[in-house]
Each structure stands twice: as C-alpha cells, then as structure tokens.
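Below, each chain spelled out in residue letters.
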Amino acid sequence: MSDLKQKTEINKEPPKYPIAEPHHLSKRSKWLRDYYFKGVEREWNNEYMSFTTGTDWDLIWTESDYYVTPEVHFYIGNKGKGVFEGCLRSIAIPVTLPEGFWDLSLPERRVKFFETVMLDYVPHEIISEHDLIAGGRFNTQLSHCLTKEETKKFWKRNLKNRKTFYAYHKKGFGNCGATGGHLIVSHETIINKGFKHINEKIKTRYSQLSQKERKGPKGQELKAMLEASELPRRFAKKYADECRRLKAMALTPERAEELEQMAKNLEKVPWEPAETFWQGLQAIWITHMLIMAEESYPGPGTSFGRTDQHLWNLYKKDVIDEKNISKEFAKDLLGSFWFHCNTAYDAQIMVGKQGITSAFGQLMTLSGCGPNGEDLTNELTYTILEVIDEWSPILEPKPNVRLHRNSPDKLLDAIIDMISRSQGAPFLINFDERSIAGMIEEGIPLEDAWDYACVGCLENTMQGNDRSGTVNCNPNLTKSVELTLWNGKNMPGNDVVTKKDEQVGPKTGDTEQFLTWEEFWNAWKKQIEFLIKYTVEIYNLTEALRAEYLPTPYLSTLVHGCIERGLDIRAGGPELRFITVEGVGFATTVDSLLAIKKLVYEDKKYKISQIKDALINNFEGEKYALMQTFLKNRAPKYGNDSDEADDLARKVMKVWADETWKYKTPTDFQFRPGMLSWNYWAGADAGLTIATPNGRNMGTFLSNAICPTSGADLKGPTAVTNSVGIALGGKTEDGEYINYLPNGASHTITFNPAIIKNTEHKEKFKSYLRGYIENGGTCLQVNMLDVNMLRDAQLHPENYTNLLVRITGYNAYFNAIGKELQDEIIARESHSM
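1. Quick word on the sheet that holds strand E3 (residues 140-142)
- Judged by pairing direction, the sheet is parallel, and its 3 strands sit side by side in the order E2-E1-E3 without closing on themselves. For this open sheet the edge positions go to strand E2 (93-94) and E3, each flanked by a neighbour on one side alone.
- Pairing analysis gives 2 bridges linking strand E1 (residues 49-52) to E2, with the strands arranged parallel. Among the inter-strand pairings, Phe51 is bridged to a residue of E2, identified as Ile93.
- Across the sheet, helix H4 (residues 106-121) lies against E1, E2 and E3, angled at about 130° from E1, the strand it touches most.

This is the structure:
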C-alpha cells in the first residue's frame, strides 16, 4: 500500500450514518464480492477487447447504439475519427480470416468472425479458485465485417442519419436510435433442450427451402444461424479444457473435484439439456455472455426472464428432493453468477467501479402469478432473494419481484425486511394485474400474457419470442407544449439549431386568439401527434440501416420466429416485434396544461401572452416572480388523487399512447407506448427544454417517468398511487384493469426509513403494497433514504463509497452521479405512512 493511500485509510472517519452492508456471506462469496470491488486493482478484468479484420475501411464501433445516450454524443466523430471508434481501432487485434471469408454473405461473415474471436483470440479463464461458473471475458468490440463497397454505402447513409438525428435531439424533441440488448432470449429452451435442439431445428428449416431460397437471403441467414448454434458447444469445450488444466494444479482435493465437475458440466451444457441446478446456471451464463459479446453491447437490458421458474425443477431435485447439494452451495453457485454479471461494468473500468453508467440492467424476474392467477413463488425464489440481500449493495443482476393479488404474506414480509435494510431497494416491484392488462392491450393472448417478464430497468416483454426495443425512442413530451404556444414553432430565442421563425411542427393556430380551453387542447393534441410521428420517422432511419448492415445470427437462434422466417432478429424475425416509445416529462406536460386550463381559461388570472412572456424570460425578474408562484401553487397538480388533475393526466396519456400504435418500422416492428425516462428527465432533455407553464425554470429537471413533478405530491403515497393508476387508464366499470402502456411505467417513491422501524410499521407498509396492487401502476421503485445522510455523503463521499440510491428503474452509487442529480434525490418528497 502506498504511503498516501495508507495515510488516507488511517485518517478516514466512519460514516456518520450507517449504510447497507453485505452480510452472512460464505467465505467463497465474500472473496468473490471483495475481489470484484477491488476494481482497477484486480489482476484480472473484463475490459473491452477490440477485434478487426485488418482492412483500412473496417468499422468496429456502432455509434447508433448510443444515440439514446446523450452523454456519449460528444465522442462521436466523422467516419471513424471519433474518440470511441478511433480508440477501439487503435487497440484492435487483427484477426486472421479464414480462406474465402470475403466471398461469404454478410451474416456468414459476421458469425465466422465472431466464432474465430471467441474460440481463438479471447482468453478462456477461470477467474479464481473460488469461482464455480465458467465464462470470463465477453466485453468485445467486433468488426462488422463489411466489404469496402458496403462500408462506403453504410457511411453515406449513416452520416445523413446522424445529421437528421442531431437536429431532432438539439431541437429538444428527445433522442432515439436502434439500440442493442433489452430482450429475453429463450433460456427455457436452452435449459430444457439445449443448443442441439436449436441446431436440429435450423437444419430442418433449411432443408425445407427451395434451391433458389438457399442461395438467397433466407438460405444465407440460416447457414449463419446453423454455424452460430454450434459455437456454444465449442466455446464451452474450451472452458472444460481449462478446468482440466487447472485441476492438475489444484492445491486441494476439494478444488480438484470442483474443477472436474465444472469440466463435466461444460461438456454437457449448453449443448445438451441441463440435468442439475449447477448445469442450469452454467448454461444460462454461457448463452448470456455470448449474446453480449456478439452485439458488442455488454450488459444493457440483456435479461434472464423468470429464472426462479426456469430452474425450479432442477433446484428442487438437487437441493430439496435428492439433496445432491446443500442450499448453501446453491447460494455459492448463485454468488459466482452474481460476480460474473457485475463484470459487465469492467468494460469502462478505468472510469470508475460502475463504468460509464449504472444502468446495464441484466434483469432477473422473480415470483409472479400463473395462468389462473395462482402464485408461483417457490423455495428458489426465496433462496435468490437471500443472495440478493446478502450481496447488496451491488448492481447486477437487477431483480424484479412480481406481486399480485395472491402473493403470499411470506413473500411480502421478505421484501419489506430487505427494503428495511437497504437504502435504494435492491429490486423493483412489478404488479401483475396492471402489467398483464398492458400485454393484452398489445395483442398478447391472456393464456400467454401471464408469463411476461421484465428487461433492462422495468420494461415488460414476453420471453424468448419478443424484441420490443424498449429504450429506442424517448420523445420529450413537454416539447408539445412549446409548439402549441408558438403555433408549431420554437419559442423565440430557442431557435439555436433552427432558422429564425422556422415552422417546426404543424400550424395549429395563434394561441393568443384562442377563447376556450377546448381550442388549446385540440391544438395541443395535433402537436403531440406530430411529435410522435416525427420521432418514428427519425428512428426508422437507424432501424433500417441496422437491419441491412448489422445482423446478429447467434442472437437470432435464441428468439422464436427467426429460424422459422429465416430472418435475423434485427430484420423482423421474432414472433413478437415491437419498438417502444418511452414518453419523457409526462407530469411536467400534464401540470403545464393544468396551469393553462386553470389560470388562463377558468380563472382568467393570466392571458396566454403573459404566460409566453414569462417563459421567454425564464420567470426572471420581479415582474414574473408572483406569476411563477401562482403557476406552481394555485393550479391543480397530478399526483394528489385530484379528480380534475388525474382525469387530464389520463386523457394526455391516452392521446400520445394511441398515436404510437399508428406506426411500424420498415422491418415490420410495431411501435408501442411506455414510460421509462431513464435519466433523460435529469440530463440532456431537461437541459434543452424551455421554461414550462407549471412554473419550472429552463434547464431544470423534468418530471421522472410517471412520477409527479418533484415536490408537487403533497397528500402522501396513497394519493400518488391512485393518481398513477388513473393515469394509466384506471379500471373499467366491471373492475377490469386498463393499462395504456404495455411496456410499463417507472414509478419511484422515497420513504423515510423510520416508516418500517418496527412490526406495526412493516404491516402498514405491507398494506400499502397490497393497495398498490389494486390501484397503482405497473412498477414501483422504493428508496429508503435519510436526507441528512445524503447531505453528509455529499460532504464526506469517502465515507459512503457503497451507498446505493434508486434513480428510475435502476440503482446507482450516490457518489458516482453528478451533484445536480444528487440534489434532485435529496429534494424528492420523503413520504410517511
């Protein structure tokens, strides 16, 4: 240890407020967790490895994957000269290409390159003598294997797309782009049937093609899929060989026995069906890591589905019935799995312990109902929850616990106990009845919809046959208010990237001449419809480009429909094909409309011209201070169980949600609505949004997903819950749930830890969760935070290095987020019961 570091450790004071700590870990799990948190001091890491065909024109990094990440825009350059592309090219390892490589079709080139890299170039390492799951390095950045002519055509379209996208973003409309990850493959098929079944399925489908089809795109795609389906067997064999090599050097008989069993597991799965719990976990991990490697998009949204259901029979046989392994050993197996999931953050390990973002979202769905509403919680559910609790605070995998009317008290008690020990709850809570209603809304039959699961942060999808592009479109709904006020134009002074007085949206009338609220409302509806249509048009540019030039044959083998259609997952192969439009700034939009309705048209306190002047001047100066106070405090606000406010919120939601269903991509994906917001409400979108009629200043935070505007919810958590449920559609007269947002909606709520300090308070919180099932939304994220602790963490960050807080659908280390976002979390209303 250096003198400086030793001095720092000596002078470090204990935190003034206690933070959540891991507990009751086995020796093995403790070692793995401690080793992970060594970060850059580890002798091993899963940092990016970049690979190239060696051609001058090679393309490695896909910029459009990051159009939805405004923080990265600065680093995107022109034709490979950007920071990321340039750096990856400079460190790229040239790959020796097989003979005839450039004569192959693009899908075949892609899989041949992928296979060569994973088998011959990426090291096959067992991380330590404590590790029980094989599969280390997957953070790859792979050549896209384009010919010179293909690259020329790609760049011509890509540069045009980029210019169009930047114009959309900088005008304040939001962001969008065809992004990787964010799906659940058919892990159930791999566990129960193995890749051998998929391989045979592809052979059968190829044999059904005509000679002409075999020479065309379908035949090329299926040949690529066939080769991809054999990769996991060969890849697992590499690790089996490494286990046997290490076995010969093992220091103890126990470790030698473990390594031999790991080798046997890898010789069986994921090619053959899993026969043990250990093999089931190993099969899932090999399958999962290869997805992330092929897409060169490690972590984000690539999720596991209902793991406690998929592995239950194997766990029951091994742990409960036959007692082949102990529960503690099963937890160690899960601990190794947890360790590997978190190494996704090694991709940008030099940036910090959670890399560039904490939102990778390898989500695992637990519990939930069955086809008849029966509860499916099992002993594996509780075992996984124990591992989550004991390993927390840690970021991956992100658990989502499904609750419903028949969820047992035992499950709710376990959840509440875990929340009481955490700061940012280590899981999301999904609510089945409302969520299933949304899946039915998008056309999923009831007999299938019960088996939905969640990806990324909280997004609802089906498992193994669905790609729903759940973060691909993120329009800033508040832009519609600006366009309405200025007749389809940007506010004067907000035309930095447009020509002065340019017509951006449709002409909907001079609002200063409107005499009624109905006139304003109808104008707003036309502007929000334009905003959605414009978003779709911009997005489709990147969708079409990706489908043509960036196939993923391995991933396509794992999603039902792709083999049957002979189509890549990115080209319209899946049985279920959606792109999600995630509305941003919902409550800001609703509260702005409520303020205009109340103070302009009902009370006639102000004229539209006065509102516009105040926005142009950002409420600065004595002239506008009183108006801002009235807008903030005298107009109804969404989130208070107010019939007037909630009715308008529901109407706003239905208008923009209905508009999304009108559109499809060129690859036959249906657009659908959702409400995630990620961190756009606090970042780029907020910074590009003018002052709004609810009294918000220019550049300050927008509302978060389906949450009320910060500080506007004054009547407690039950009132907020009721408002959220109504905004999503409420219920029919017969009591059936309505859900306008099939993707789901993120609702983050903050409580003071004192509310669950004893048994009585925990029972009240349990009643609150039961009430949320009946009247709330689709997904709830809970923060248990003492504001004084957060302020102390700002002053003494060194004392709170592992303090987790929930942002919106994901947790982040408090010290790793910017001060503005820290201040927003501190300012959130802290509720009592």
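2. Here's the deal with the environment of Pro123
- In this structure, Pro123 sits in the loop between H4 and E3.
- Looking at Pro123, the relative accessible area reads 29%, which means it is partly exposed.
- In this structure, the C-alpha to C-alpha distance between Pro123 and Arg137, residues 14 residues apart in sequence, is 7.1 Å.

3. Some details on unusual backbone geometry
- Of note, the amide linkage connecting Val269 to Pro270 takes the cis form, showing an omega dihedral of 5°.
- In this fold, Pro270 is placed in the loop between helix H10 (253-268) and helix H11 (277-295).
- With an omega of 5°, the peptide bond running from Ser392 to Pro393 counts as cis.
- Tracing the sequence through the fold places Pro393 in the loop between helix H15 (379-391) and strand E8 (398-403).
- Its identity is not glycine, yet Lys323 carries a phi of approximately 50°, on the positive side.
- Secondary-structure assignment places Lys323 in the loop between helix H13 (312-321) and helix H14 (327-342).
- Of the residues examined, Lys323 reaches a relative accessible area of 61% and is grouped as exposed.
- Of note in this structure, Ala705 is not a glycine but carries a positive phi near 50°.

4. A closer look at the pairing of strand E17 (residues 779-784)
- Burial of E17 is extensive: 6 of the 6 residues sit out of reach of the surface.
- Alternating positions in E17 separate into two faces, Cys779, Gln781 and Asn783 on one and Leu780, Val782 and Met784 on the other, with burial throughout.
- In terms of strand pairing, strand E9 (residues 428-431) meets E17 through 2 bridges, oriented antiparallel. Opposite Ile429, over in E17, you have Leu780 as the bridge partner.

5. Brief notes about the pattern of salt bridges
- If you walk through the whole model with that rule in mind, you get 55 salt bridges.
- Between Glu115 and Arg234 there is a salt bridge, with the nearest N and O atoms lying 2.8 Å from each other. Taken together, the positions of Glu115 in helix H4 and Arg234 in helix H9 (residues 217-247) put the pair 119 residues apart, joining distant regions of the chain.
- By relative accessible area, Glu115 is classed as buried at 7%.
- Ionic pairing is found between Asp658 and Lys654, a salt bridge with its closest N-O pair at 2.7 Å. Of this pair, Asp658 and Lys654 both sit in helix H26 (residues 643-660), 4 residues apart, which is roughly one turn of that helix.
- One salt-bridge network, in which partners are shared between bridges, spans Lys327, Glu328, Lys331, Glu386 and Glu390.

6. Considering the packing of H9 against H11
- The geometry of H9 relative to H11 is characterised by a closest axis approach of 11 Å and an angle of 110° between their N-to-C directions. By the angle between their axes, H9 is roughly perpendicular relative to H11. The element H9 and its partner H11 pack so that their crossing is right-handed. Judged by residue contacts, Leu231, Pro232, Phe235 and Tyr239 of H9 engage Ile286, Met289 and Leu290 from H11.

7. So, the packing of helix H7 (residues 194-207) against H9
- With their axes 9 Å apart at the nearest point, H7 and H9 run at an angle of 160° to one another. Considering the angle they form, H7 stands roughly antiparallel to H9. The chirality of how H7 crosses H9 is left-handed. The residues of H9 that touch H7, namely those facing Phe195, Ile198, Asn199, Ile202, Lys203, Arg205 and Tyr206, are Lys218, Gly219, Leu222, Lys223, Met225, Leu226, Ser229, Glu230 and Pro232.
- Split into classes, the residues belonging to the contact of H7 with H9 amount to 8 nonpolar, 3 polar and 5 charged.

8. Remarks on the pairing of strand E14 (residues 576-582)
- Burial within E14 is extensive, with 7 of its 7 residues counted as buried.
- Because side chains alternate across E14, one face comprises the buried residues Leu576, Phe578, Thr580 and Glu582, and the other comprises Arg577, Ile579 and Val581, equally buried.
- Pairing of strand E12 (residues 466-467) with E14, which is carried by 2 bridges, proceeds in the parallel orientation. By the bridge assignment for E14, Asp466 is matched with Leu576.

How each quantity is defined
Residues numbered from 1 in each chain as written. Predicted model: local features only at pLDDT ≥ 70, side-chain atom pairs only at ≥ 80, totals over all residues. Heavy atoms only, no water. Pairing = 2+ DSSP bridges. Helix = DSSP H or I, 4+ residues; strand = E, 2+ residues; numbered from the N terminus. Contact = heavy atoms within 4.5 Å. Axes fitted to C-alpha atoms, helices over the stretch in contact; angles between N-to-C directions. Buried < 20%, exposed > 50% of the residue type's maximum accessible area, 1.4 Å probe, protein only. Salt bridge = Lys/Arg side-chain N within 4 Å of Asp/Glu carboxyl O. Parallel < 35°, antiparallel > 145°, perpendicular 65-115°, else oblique. Left-handed = near helix turned anticlockwise from the far one by under 90°. Nonpolar A, V, L, I, M, F, W, Y, C, P; charged D, E, K, R; others polar.

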